[in-house]
Structure formats: structure tokens, C-alpha cells
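Below are the chains, spelled out letter by letter.
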Amino acid sequence: MRTTYAYTKAAPDTDLTLTQISRRDLRPDDVAIDVTYCGVCHSDLHEIDQGNTYPLVPGHEFTGVVTAVGSSVSRFRVGDAVAVGNIVDSCGTCPMCEVGQENYCTSFPTLTYGGTDRHDGRPTLGAYANEYVATEGFVYHLPGNLEAPAVAPLMCAGVTVWEPLKRWEVGPGKKVGVVGLGGLGHLAVKFAHALGAHVVLFTTSAAKGEGAKELGVDEVVVSRDAAAMEARSGQLDFILDTASAAHDLTPYLRALKLDGTLCSLGALGSMSFDPLALLVGRKSLASAGSGGRRGTQQMLDFCAEHHITAEVEVMPARQVNEALARLRRNDVRYRFVLDMHQN
Ligand code: NAP
Ligand code: ZN
């Protein structure tokens, strides 16, 4: 076993503390990665606040540098700059994997943390850590023209919004709504704008309005204003809902045009809506989770070409509990990224 240090939640009602953990010895197709930057995803916070598996090491969108490679690794060499997202393995043979949607692997993809390694059966521990060991097939080259800290959030937040934007053909002539301007939402805005769509932001935070325009938002709607919501009825082709807390979907379904789709990515467990709002206008309610390898690479190529990265506030890793507390109260523009070399 290899050992490294990680910010670990050891028991309920405790902060994360720096703890020694073990990583597997390299298998032939593994690479060892010195983690440089790790984004703080709201899913980390959900797991910290509501999970019940310990020890928990969060972190599933990160960059790093390869420090060792297994005997059969062909795509990476020691010293390569890399990035990894929230899936680190899959069965590779099911219909989902065959079409490049490893994120929907029918025997469940191996999650970067909170999962179970499909070869040795050990629980996976995430990248709020100094080292991560991953199968090379789920490791990506860092685009050479982009800054590592701002790439880290692309690996979960980015690909999670990228795949639905592509699936529902967001582009010129389309009016697209984005609900929530956080980690996922601000990248959805940047992508939709770069794809040529007209972007309408629905936010609970009126104060985010001006900054939103710089990201590519064309119109801002404060979603707590019922009259403003009503005024949007029947206008949008597609809405991507990234809000992290439970809310009623009905006003967003009403904001769609005939045959429009609302894709909900955020608080899935507690969805509510008026079925009549689906019926009137033949609307669809959809969802999606993460991205496959093909989509992830396509997104990275698009970001490199259009020079798109996340807006980040980099914090020393030792301030992880402060970053989590601020994320809990929606005080971030728009993604915290931990500098893992500052323990
Ligand atoms: P985030 O950075 O905290 O952003 C969430 C945004 O939701 C906030 O910025 C806020 O935007 C809005 N919001 C917060 N509280 C709200 C409330 N009470 N009602 C309505 N809106 C509220 O979170 P994130 O990292 O982008 O993640 C967003 C959600 O997606 C989380 O639930 C996360 O677990 C989930 N997620 C899903 C996947 C997937 O694969 N499906 C992947 C990653 C994350 P405004 O201030 O603009 O209102
Ligand atoms: Zn995430």
C-alpha cells in the first residue's frame, strides 16, 4: 500500500481533518497523481452533511501531475499534467459503456469517492488529498493553454452541464434557461453562450445579476419574484436546473415553449411539480448525471478552443472547512478550489 494525506471526515458531526490514508499499489493500468487542485462541489457538501459512510474523503474534480505509471500505461508519462472527474472506472462492456456513457454503466460506475473499487472491493477515497491513484482510461490530459485551478471544476461541474446542453442541441436560435448561478450554473451559462444560445438566468440572488452578464447571460430573472416568473411563460426551448436545494419545478415548466424540456440536475430527491404544467404544451421533464469519457474529452477540447474555464476562488487546502461553510451559505463566486499543496 502507498500512503498519503487527505482531508477526512472520520465520524458524524466532525470537521474534516488532515489524516493519513492508504492508496492501492499501482496496477498495470494505473497512474499515480500528485493532486494539485481540487474543486469543492456541492455534492461534496451533500455527502458531508447527509452521508453516513466513514471515513469520507470528498473531492471528485481535480488536476495533478503524474508521478508514477503502471507497466501497461500507454497514454501518460511521469510529469504529465492531468485532470480527473467523478468517475474512475466502469464495466466497459455494457450497452451504456459501449456508447461512451460510462457514467450510466449498468453495473454502476466506480465513483471517485464514496464508491467501491470494482477490482479490490475497497471503498474509494476522494481527492481532497495529496495523491490519487486512478485507471488511465479515466484520466485526461490537462489542456495546455488552460490554468489548472480553473480546469478542476470542469471535471464534474463542467461535464455535468455540458452533456445535457449537447443532448438537447443548445445553440444559435435557442433560448435557454439556467437555474442557479453556482458551480454548475456558471459553467452552463458560459457553455450555452459560447454555443450561440440566448441565455436567461433564473437566480434567487438578485445581487448576482451584473456579474452574470459578464459570464454571458442575456437576461436575469429573480426567481423569488412570482410576477417576473409568470412573465416568462412559454418562452424557453430548454432549461437546465442546477439549484442545490429543493424547490417547485412548476414555474420552470411553465416557462418552457411547446415541446420544451426541463432538465433537472440538482436536488433530485425532493422534486415537486404540478403535472398539468407538463401536459399543457407537451413538455418534458428530464435529468442527467455526470458525463462519459467521450463527452468529457469533447468538453475539454471545446474549453481549450474557446478558452473557457471556471471562475474560481483558490483557497489553501487547510481552509477546507471554511470553504465548505461558505458554500453552505451560498457565498462563493463561483467555485472554491483547494490548493492541495497548501496543507
Ligand atoms: P452550488 O455551487 O452551491 O450552486 C447551487 C446554486 O443553487 C446556488 O449558487 C444558488 O444559485 C442556487 N440555490 C441555492 N440555494 C437555493 C434554494 N434554496 N433555492 C433555489 N436555488 C438555490 O452547487 P453546484 O456544485 O453547482 O451543484 C448544484 C447541484 O447539482 C447540487 O445539488 C449538486 O449536488 C448537484 N450536482 C449534480 C450532479 C449530477 O451529476 N447530476 C453533478 C454535480 C452536482 P442562485 O444564488 O443563483 O440562486
Ligand atoms: Zn461534483
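This text gives an overview of the structure that appears in the document. Small disclaimer: the values here were computed from a predicted structure and weren't measured.

**Focus: the site of ligand 1**
Alright, step 1. Of all residues adjacent to ligand 1, which total 27 residues, the nearest are His 42, Thr 203, Thr 204, Ser 205 and Arg 335.
Alright, step 2. Between an oxygen atom of ligand 1 and a side-chain N or O atom of His 46, the distance comes to 2.8 Å.
Alright, step 3. In the environment of ligand 1, an oxygen atom lies 3.4 Å from a nitrogen or oxygen atom belonging to the backbone of Gly 182.
Alright, step 4. When residues of the shell around ligand 1 are traced back to their parent elements, those giving at least two are α1 (42-50) and α5 (183-194).
Alright, step 5. It is α1 that contributes the most residues to the shell around ligand 1, three residues altogether.
Alright, step 6. Counted by class, the shell around ligand 1 contains nine nonpolar, 16 polar and two charged residues.
Alright, step 7. Taken domain by domain, the makeup of the shell around ligand 1 includes at least three residues from each of domain 1 (2-156 + 291-339) and domain 2 (158-287).

**Quick look at the pattern of salt bridges**
Alright, step 1. Going through the model one piece at a time under the given rule, you end up with 16 salt bridges.
Alright, step 2. Note that Asp 117 and Arg 27 form a salt bridge whose closest N and O atoms lie 2.9 Å from each other. With Asp 117 in the loop between β7 (110-111) and β8 (131-135) and Arg 27 in the loop between β2 (17-23) and β3 (30-39), the pair connects residues that are 90 residues apart, well separated along the chain.
Alright, step 3. A relative accessible area of 8% places Asp 117 in the buried class.
Alright, step 4. Arg 232 is paired through a salt bridge with Glu 219; the nearest N and O atoms lie 2.5 Å apart. Of the two residues, Arg 232 sits in the loop between α7 (226-230) and β13 (236-241) while Glu 219 sits in strand β12 (residues 219-222), which places them 13 residues apart along the sequence.
Alright, step 5. Of the residues examined, Arg 232 reaches a relative accessible area of 17% and is grouped as buried.
Alright, step 6. One connected set of salt bridges, linked through shared partners, spans Arg 24, Arg 27, Asp 30, Asp 117 and Asp 120.

**Describing the packing of α1 against helix α11 (residues 320-328)**
Alright, step 1. Following both chains from N to C, one finds α1 and α11 inclined at 100°, their axes separated by 10 Å at the closest point. Relative to α11, α1 is oriented roughly perpendicular. For the pair α1 and α11, the contacting residues are His 42, Leu 45, Ile 48 and Asp 49 in the first and Leu 324, Leu 327 and Arg 328 in the second.
Alright, step 2. Classifying every residue of the contact of α1 with α11 by side-chain character gives four nonpolar, one polar and two charged.

What counts, and at which threshold
- Residues numbered from 1 in each chain as written.
- Chains lettered and ligands numbered in written order.
- Predicted model: local features only at pLDDT ≥ 70, side-chain atom pairs only at ≥ 80, totals over all residues.
- Heavy atoms only, no water.
- Near = heavy atom within 4 Å.
- Polar contact = N/O pair within 3.5 Å; in protein donor to acceptor, adjacent residues only side chain to side chain.
- Helix = DSSP H or I, 4+ residues; strand = E, 2+ residues; numbered from the N terminus.
- Nonpolar A, V, L, I, M, F, W, Y, C, P; charged D, E, K, R; others polar.
- Domains from an automatic or database assignment.
- Salt bridge = Lys/Arg side-chain N within 4 Å of Asp/Glu carboxyl O.
- Buried < 20%, exposed > 50% of the residue type's maximum accessible area, 1.4 Å probe, protein only.
- Axes fitted to C-alpha atoms, helices over the stretch in contact; angles between N-to-C directions.
- Parallel < 35°, antiparallel > 145°, perpendicular 65-115°, else oblique.
- Contact = heavy atoms within 4.5 Å.

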